[in-house]
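# Residue-level structure breakdown
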Amino acid sequence: MEVGLDWTAVLIAALAYLSALFAIAHWADRREVAGRSVIASPTVFALSLGVYCTTWTFYGSVGRAATLGIGFLPVYLGPTLLMLLAPLVLRKILRIAKTQRITSIADFLASRYGHSPLLGGLVALTATVGVTPYIALQLKAVAVSFDALTGGGGLGPAEGPFLDHGFLIAAVMALFAIVFGARQIDAAEHHPGMVAAIALESLVKLVAFLAVGLFVVWGLQDGLGSLFDAAAARPDLARLMGSDPALGHTPAGNGTVGNGPVGNGPWGAWVTTTILSAAAMLCLPRQFQVMVIESVDERHLDRAVWLFPLYLLLINLFVLPVALSGLLSFGGRLDPDLFMVALPLSGGADWLALLAFLGGLSAAAGMIVVESVALSTMLCNDLVMPILLRTRSRALARSADLAPLLLSVRRIAIVAILLFGYAYFRLAGSAYALVSIGLISFTAVAQFAPALIGGLYWRGATRRGAIGGVTAGTLVWAYTLLLPSFARSGWLPASFIADGPWGIAALRPYALFGLEGWDSLAHSLFWTALANIGAYVGLSLFDRPGAAERAQAAAFVDVFQSAPNGAVPLREAPPDWRSAASVGDLTRVVARFLGPQRAERAFAGADPDEPAGPERLRLAERLLAGAIGGASARVALASSVSAGAVEAAELLRMLDETSDVIAHSRELERKTAELERATDALRAANERLTELDRLKDDFLSTVTHELRTPLTSIRALSEILHDDPDLESDQRQEFLAVIIKESERLTRLINQVLDMAKIEAGAIDWRIETIDAGPALAEAVAATEALFLERGITLSVDIPGHLPPVRGDVDRVIQVVVNLLSNAAKFTPLGGRTRLETRLETGFLRVTVSDSGPGVPAKDRELVFDRFRQSGDTLTGKPAGTGLGLAIAKRIVEHLGGRIGVADAPAGPDPESGKGAAFWFTLPLAGSAADVPELGERRE
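No experiment lies behind these values; they were computed from the predicted model shown.

Moving on to the overall build of the protein. The number of helices and strands found in the protein is 35 helices and seven strands. Out of the 940 residues belonging to the protein, those deemed buried represent 55%. For the protein, the share of sequence-separated contacts (at least 6 apart) that also reach a separation of at least 24 residues comes to 80%. Only carbon and sulfur atoms are counted for the fraction: they give 60% of the accessible area of the protein, which is about 39,200 Å².

Right, let's get into the nonpolar core. In terms of nonpolar packing, the biggest core is built from 166 residues, with Tyr52, Phe108, Met173, Phe357, Phe442 and Phe448 touching the most fellow members. Apart from the residues lying within four places of it in its own chain, the contact partners of phenylalanine 448 are Ile105, Leu109, Val123, Thr126, Ala127, Cys283 and Val470. Within the second largest apolar cluster, 40 residues are counted, among which are Ile771, Ala824, Ile888 and Leu896.

Structurally, the position occupied by serine 202 is in helix α9 (residues 192–220). With a relative accessible area of 1%, serine 202 lands in the buried category. Contact partners of serine 202, with chain neighbours within four places excluded, come to Leu47, Gly50, Val51 and Tyr311.

When you tally the buried positions in strand β5 (residues 844–851), you get seven out of eight residues, the bulk of the element. Of the strand pairs in this sheet, strand β4 (residues 833–841) and β5 are connected by eight bridges, and their pairing is antiparallel. Looking at the pairing, threonine 838 lines up with valine 847 of β5. Taken together, β4 and the strand that follows it, β5, pair antiparallel across an intervening segment of two residues, in which glycine 843 is found at a positive phi of about 80°. Judged from the seven bridges that link them, β5 and strand β7 (residues 917–924) form a sheet pairing that is antiparallel. Bridging from a neighbouring strand, phenylalanine 844 pairs with proline 924 of β7.

This brings us to the packing of aromatic side chains. Summed over all chains, the structure comprises 16 aromatic pairs. A centroid spacing of 5.2 Å and a plane angle of 70° characterise the contact between phenylalanine 108 and phenylalanine 556, whose relative ring orientation is edge-to-face. Taken together, the residues span a long stretch of sequence, with phenylalanine 108 in helix α6 (residues 105–112) and phenylalanine 556 in helix α26 (residues 547–557) at a distance of 448 residues. We note that phenylalanine 108, like phenylalanine 556, is buried. Considering the side-chain rings of phenylalanine 526 and tryptophan 527, the 5.0 Å spacing of their centres and the 75° angle between planes classify their relative orientation as edge-to-face. Judged by its relative accessible area of 36%, phenylalanine 526 falls in the partly exposed class. Since its relative accessible area comes to 16%, tryptophan 527 is described here as buried. Following the ring pairs from residue to residue traces out a cluster consisting of Tyr52, Tyr76, Tyr134 and Phe442. The positively charged end of arginine 846 is found above the aromatic ring belonging to tryptophan 920, 4.2 Å away from the centroid.

Here helix α25 (residues 520–541) is 22 residues long and its end C-alpha atoms lie 31 Å apart, about the 32 Å a rise of 1.5 Å per residue gives. Buried within α25 are the following residues: Ser520, Leu521, Ala522, His523, Ser524, Leu525, Trp527, Thr528, Asn532, Ala535, Tyr536 and Ser540. For α25, the N-terminal capping position is held by aspartate 519, with its side-chain oxygen 3.0 Å away from the main-chain nitrogen of leucine 521.

Taking strand neighbours across the sheet as the criterion, the five strands line up as β2-β4-β5-β7-β6 in an open arrangement whose pairing is mixed. Where the open sheet ends on each side, the last strands, each with one partner, are β2 (794–798) and β6 (900–904). On average, adjacent strands in this sheet sit at an angle of 20° to one another, irrespective of strand direction. In this structure, β2 lies alongside β4, joined through five bridges in parallel fashion. Residue pairing in the sheet places aspartate 798 in a bridge with glutamate 837 of β4. Here helix α34 (residues 810–827) sits on the sheet and contacts β2, β4, β5 and β7; the angle it forms with β7, its principal contact strand, is near 175°.

When you tally the buried positions in helix α17 (residues 339–346), you get seven out of eight residues, the bulk of the element. Backbone geometry just downstream of α17 places glycine 348 in the positive-phi region, at approximately 80°.

Side chains that carry opposite charge are capable of pairing whenever their charged atoms lie near each other. Scanning the model with the defined rule gives 14 salt bridges in all. Close ionic contact of glutamate 371 with arginine 286 constitutes a salt bridge, the shortest N to O distance being 2.9 Å. Taken together, the positions of glutamate 371 in helix α18 (residues 350–391) and arginine 286 in helix α14 (residues 285–293) put the pair 85 residues apart, joining distant regions of the chain. Take glutamate 371: its relative accessible area is 0%, and that puts it in the buried class. Among the salt bridges present, the one from arginine 839 reaches glutamate 841, with a minimum N-O distance of 3.0 Å. With relative accessibility at 15%, the residue arginine 839 sits in the buried group. Here glutamate 841 falls in the partly exposed class, since its relative accessible area comes to 22%. Salt bridges sharing common partners tie together Asp798, Arg835 and Glu837.

Following both chains from N to C, one finds helix α3 (residues 55–68) and α17 inclined at 85°, their axes separated by 9 Å at the closest point. Compared by their axis directions, α3 and α17 come out roughly perpendicular. Here Phe58, Tyr59 and Val62 of α3 come into contact with α17, specifically with Phe339, Met340 and Val341. Residues that form the contact of α3 with α17 fall into these classes: six nonpolar, no polar and no charged.

Take the confidence of the model for the protein next. With 75% of its residues at a pLDDT of 70 or more, the protein shows a mean pLDDT of 77. Contacts from residues 873–879, a stretch scored under 50 in pLDDT, to residues over four places away or in other chains number ten contacts.

The next subject is unusual backbone geometry. For histidine 115, which is not a glycine, the phi torsion comes out positive at approximately 55°. Relative to the elements of secondary structure, histidine 115 occurs in the loop between α6 and α7 (117–150). Residue tryptophan 502 is not a glycine yet carries a positive backbone phi of 55°. Position of tryptophan 502 among the secondary structure elements: in the loop between α24 (495–498) and α25. Classification of tryptophan 502 as exposed rests on a relative accessible area of 79%.

What follows is about the environment of glycine 832. Structurally, glycine 832 can be placed in the loop between α34 and β4. Owing to a relative accessible area of 10%, glycine 832 belongs among the buried residues under this scheme. Through-space distance from the C-alpha of glycine 832 to that of glycine 853 is 7.5 Å; in sequence the pair is 21 residues apart. In this structure, glycine 832 is in contact with Gly792, Ile793, Thr794 and Ser852, ignoring residues within four places of it in sequence.

Attention now goes to a nonpolar patch on the surface. On the surface, Leu85, Leu88, Ile453 and Tyr457 cluster together to form a nonpolar patch covering roughly 360 Å² of accessible area. In this fold, tyrosine 457 is placed in helix α22 (residues 449–457).

α17 packs onto helix α16 (residues 319–330) with a crossing angle of 60° between their chain directions and a minimal axis gap of 10 Å. As far as their axial angle goes, α17 and α16 are oblique. Read as a crossing pair, α16 and α17 show a hand that is left-handed. Of α17, the residues touching α16 (which contributes Val322, Ala323, Ser325, Gly326, Leu327, Ser329 and Phe330) are Phe339, Met340, Ala342, Leu343 and Ser346. Considered class by class, the residues forming the contact of α16 with α17 number eight nonpolar, four polar and no charged.

Thresholds, definitions, all that
Residues numbered from 1 in each chain as written. Predicted model: local features only at pLDDT ≥ 70, side-chain atom pairs only at ≥ 80, totals over all residues. Heavy atoms only, no water. Helix = DSSP H or I, 4+ residues; strand = E, 2+ residues; numbered from the N terminus. Buried < 20%, exposed > 50% of the residue type's maximum accessible area, 1.4 Å probe, protein only. Contact = heavy atoms within 4.5 Å. Areas by Shrake-Rupley, 256 points an atom, 1.4 Å probe, with all protein chains shown as cover. Core = buried A, V, L, I, M, F, W, Y, C linked by side-chain atoms within 4.5 Å. Pairing = 2+ DSSP bridges. Phe/Tyr/Trp six-rings, centres within 6.5 Å; stacked < 30°, edge-to-face > 60°. Lys NZ or Arg CZ within 6 Å of the ring centre and 35° of its normal. Expected span 1.5 Å × (residues − 1). Polar contact = N/O pair within 3.5 Å; in protein donor to acceptor, adjacent residues only side chain to side chain. Axes fitted to C-alpha atoms, helices over the stretch in contact; angles between N-to-C directions. Salt bridge = Lys/Arg side-chain N within 4 Å of Asp/Glu carboxyl O. Parallel < 35°, antiparallel > 145°, perpendicular 65-115°, else oblique. Nonpolar A, V, L, I, M, F, W, Y, C, P; charged D, E, K, R; others polar. pLDDT = per-residue confidence, 0-100. Patch = residues over 30% accessible without salt bridge, like charges linked within 9 Å, V, L, I, M, F, W, Y side chains within 5 Å. Left-handed = near helix turned anticlockwise from the far one by under 90°.

Dropping the structure here:
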């Protein structure tokens, strides 16, 4: 590639862009002070999550695509899948962080496990070591892209340490992070300037990548079709457009973390990278910072759930086309990580190459600034401050205002973090591709995931389990990934990788205990997960949590059952509080860290000599937690109250007891709510039982009455026939006819009760098949015709000659129609009319039985299909019957896949008048019979 732009012009453009970011951040800070926050926007929140897309995305994804094709995608699938779980996981984390005033992921884990300073310090140290390679990645990417853009002009690595582009970028980023990320002491508060700048950088990255992609595809290659055709003509490039490179094997050292095949099996690398990227989205300190600490409203998550995945999709649209175009243009002569800058330069679009460089600079700047702010907060609050507070250093004891000290610690930490990143870049960065460096960091922070996720849902997880899991996982990560990176850079013997330490083959870092043939990333993930989760679960199962751990477990697991501000009224406090710390003690310690004004506002109106009590001590702890973290806040309280009031160890014990009381109070409130819900359910069940008992009484009364009436007639007439053998023949025949009729009535009553019992028990033998509905309806009419003749009721039947076949049980269909016709005959007055008719609906045959009786009031139209229910007064207005006929019909029709109901008769007046009823039911048509047209236009 020929020499590009003048290096001074590029440097001036870069500094001008960074100055613009400074101006945006300053403007956003001023807007926040004026009460018009820029970051109180769901769109800004979603864009700030774009800090996930670093130079890895801007340069490294193209390099990975040049080797693995679509193998770059899992890095973005992981975060997308995590956003799908936002309602379950992320929303809970956001609520916990707000109620507990969390300052970092280290503080989150330390607070969950009993405010453990040891765990917080371990996480802070692990994160710093683990993320150092990632910071080095950003510095390397900016440095090499600057060299590619300028043809190697300006400062370069050959000039020696502290004189190259990487060091200049690190220095500028440190200044930005100090100015906009370490200006206030309360780390739980927000950094609007920093977040606004990150959101703008996300837009710049996206615009730059899309601009380069459009230029490459339509400016250099005449469209996607032409590009893919040219690539398909070359076998070495055609394979990148398939799935084999991503899911199969690849040569050693090209885009992989280590040597050997990519993953274990065809999906090994894909699954491994997806898991690691999802864990990184949650556990990377910078992602936790922008997603949790900087969040001003958890409802903003609703937009981020779809907007952030959309952002990832857009910024990766042209990754594969750019990679293919670069391979077509440069072959193997140029590092694929530089295609984003080299392709515009080769096409004569110098301005676009500069825009691409600024996009990469945005990606690096956003990551470095937020990561260094998050790490510095963790180092200050969870590593340095606990040590200072526990050692009671003289400088700390003499100082009445510790805010300057805390800010100094954080600023020094920012500088140290970037120096470590720069050192890794110079020592080991040249041995890996950009993506490979990032994956080393992803595996490191993934060690926080078991303790983080487990702590959200598992009450039994303990501090020792979390410490053991993080420690074991981190040590295995360092052995299987971090140390080999130094060996590959020449800082450790090469035999460390090839033969294992001291020549022990079983300890080879890329084939630990004989696990051969795995890519080093999948190999490391397997062993770290085994060690981490095994230690976490095993130690927790055999451990007994203390009072503070139990309290925090309840606060985290049941956060949605707590009050919105996290405050829970204390029902009972330990008696030790009567003579413990005073309000004055708490005011002094809060003033030392947050300033006198904040302390006076917190304890306004209270007598300084008054005992503090548990509620005020918890308030002081929450205020301090926002500044120095939960674990350090407890130590600060214990080391700063009046010595005569209570010993430090005793105060810590009291804090644990208070937390335990709050946890028990919260648990009691939760159980009370559950008891109230159970009481309501029991009350409803009792009301239902009362109603059923009433229905049972009605049923027994009705059945007894219905059975007694025919039995009385049968007995009386039978006695007459028995006692008077000389009764006239006509009279005898009349009495026998009545006996037969009443016997049939008894049979119907008993059959209805038995039918309902069988239906309820599921004991009916159904024979569902394709049937002709016409003959079945005609048979039902014939069976009931005598009822209508007896009462002088006109029965009209409208059944077409060619009804389509339906699905049903012919005997049960006849039973339903007989029940409806019998019901109509019962309710229709003497000389009235009843009509049976059919019509087709979409997919169903509808059968309607309408009458000219009193009708069914609207309020009773659902009740008439219940067991033992009839419309009308129980004793006077109800005709004879058990009230089971319609209930049986409903269950039969629904079992056959139809519906049943009642409406006003077609000729009936106003619906509320209750004159004339039309009972209807539907049966599903069989096969394609739904399209039969003959009855389609008929209406009621």
